[in-house]
Every structure is written in C-alpha cells, then in structure tokens.
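Examination of the molecular architecture
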Amino acid sequence: MVWVEADITDFDSFVKYDLWHDRAVFHFLTNEEDRKKYVKCMDRALNSGGHIIISTFAIDGPLKCSGLDVERYSPEKIKNELGASFKFFKSISETHLTPSNNEQKFTYFYFRKIG
Ligand SMILES: C[S@@+](CC[C@H](N)C(=O)[O-])C[C@H]1O[C@@H](n2cnc3c(N)ncnc32)[C@H](O)[C@@H]1O
C-alpha cells in the first residue's frame, strides 16, 4: 500500500487505478481552473473503463463545510464538469448526520472512464 499526500490540483499520479473514490473533496474546488485540474488528474490516474465514485454536497445541501464555501452538485451539473470522457451511470442521495447532529445532504455519483 502506498499513501500519497498531495494537492489534487497539483498532482500527477505515477500509477494507474481502476477505482477513483472521493468523498467531500471535489466540492471544495470553487474555482473553475482547479476543477479542470482535478478532472485532468483523475483522467490520467485511471485505466480505461475505470470506476469513479464522487460524493459532494447535494444541490440543495449546505453552502459551506468547515466554514469554507463549497460547490453543490446535481447529476447534470457534475456531468458538465467531468465532460465527455466520463459516462454517468447513477446517483444516490444520502443524508449524513454530523457528530454535532446536523444534517448534511450528500449525493454520490457513479461514472466510468470511457476509452
Ligand atoms: C470534509 S473532508 C472529507 C474527508 C474524507 N474524504 C471523508 O469523507 O471523511 C475534506 C477533505 O478534502 C481535502 N481537500 C480539500 N481540498 C483539497 C485539495 N485541493 N487537494 C487535496 N485534498 C483536498 C481536505 O484536506 C479534507 O481532508
């Protein structure tokens, strides 16, 4: 097992993976340029057909997390962000209860890398 600690907007994986799993990271990227860098990094890190699970605050979820602004997503919105190289399959809603008993609406999105 290899652990890598990096800024996702400034990282190029030297290994290719079959699964990309992100819970509550992508939604912190409020800058379009950073989101493009994230998608490029993900694309380069995945094998063809690779599976992608990204979870973000839902489109009607909280506007902030840990005091920071977040971007919220619907299936249509995240499809536009990821682009044509990634095929959308499904989304699932989840209401997360924080340790301080606050509800946070999340959506999990499942894609696969095409080609
Ligand atoms: C709410 S936590 C989620 C942690 C964990 N994935 C989970 O589900 O419990 C958000 C995480 O996003 C990370 N993060 C935010 N911006 C990042 C970036 N540009 N590159 C890498 N990690 C980032 C933070 O360091 C933090 O660990």
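Below: a short report on this structure. Computed from a predicted model, the values in this text were never measured in an experiment. (Residues numbered from 1 in each chain as written. Predicted model: local features only at pLDDT ≥ 70, side-chain atom pairs only at ≥ 80, totals over all residues. Heavy atoms only, no water.)

**Quick look at the side chain of Asp22**
Looking at where Asp22 falls in the secondary structure, it is placed in strand β1 (residues 17-23). Among buried Asp, Glu, Lys and Arg side chains, Asp22 stands out as unpaired, with Arg23 the closest opposite charge at 8.4 Å. A distance of 2.9 Å separates a polar side-chain atom of Asp22 from the backbone nitrogen of Val25. Contact partners of Asp22, with chain neighbours within four places excluded, come to Tyr38, Ile53, Ile54 and Ser55. (Helix = DSSP H or I, 4+ residues; strand = E, 2+ residues; numbered from the N terminus. Buried < 20%, exposed > 50% of the residue type's maximum accessible area, 1.4 Å probe, protein only. Lys, Arg positive; Asp, Glu negative; His and termini not counted. Salt bridge = Lys/Arg side-chain N within 4 Å of Asp/Glu carboxyl O. Polar contact = N/O pair within 3.5 Å; in protein donor to acceptor, adjacent residues only side chain to side chain. Contact = heavy atoms within 4.5 Å.)

**A short note on the site of the ligand**
The immediate surroundings of the ligand are formed by Ala6, Asp7, Ile8, Arg23, Ala24, Val25 and Phe28. At 3.0 Å, a side-chain N or O of Asp7 approaches a nitrogen atom of the ligand. With respect to the ligand, the side chain of Arg23 contributes an N or O atom lying 2.6 Å from an oxygen atom. Burial of the ligand by the protein chains amounts to 51% of its free accessible area of 600 Å². The class makeup of the residues in the shell around the ligand is five nonpolar, no polar and two charged. (Near = heavy atom within 4 Å. Areas by Shrake-Rupley, 256 points an atom, 1.4 Å probe, with all protein chains shown as cover. Nonpolar A, V, L, I, M, F, W, Y, C, P; charged D, E, K, R; others polar.)

**Remarks on the nonpolar core**
Within the largest apolar cluster, 17 residues are counted, with the highest numbers of intra-cluster contacts made by Trp20, Met42 and Ile54. Contributions of two or more residues to this core are made by α1 (32-45), β2 (46-57), α2 (75-82) and β6 (103-113). It is α1 that contributes the most residues to this core, five residues altogether. Those residues in contact with Ile54, other than ones at most four positions away along the chain, are Trp20, Asp22, Phe26, Tyr38, Met42, Ile78, Leu82, Thr107, Tyr108 and Phe109. If you look at the next biggest cluster of nonpolar residues, it comprises five residues, including Ala24, Phe57, Cys65 and Phe106. (Core = buried A, V, L, I, M, F, W, Y, C linked by side-chain atoms within 4.5 Å.)

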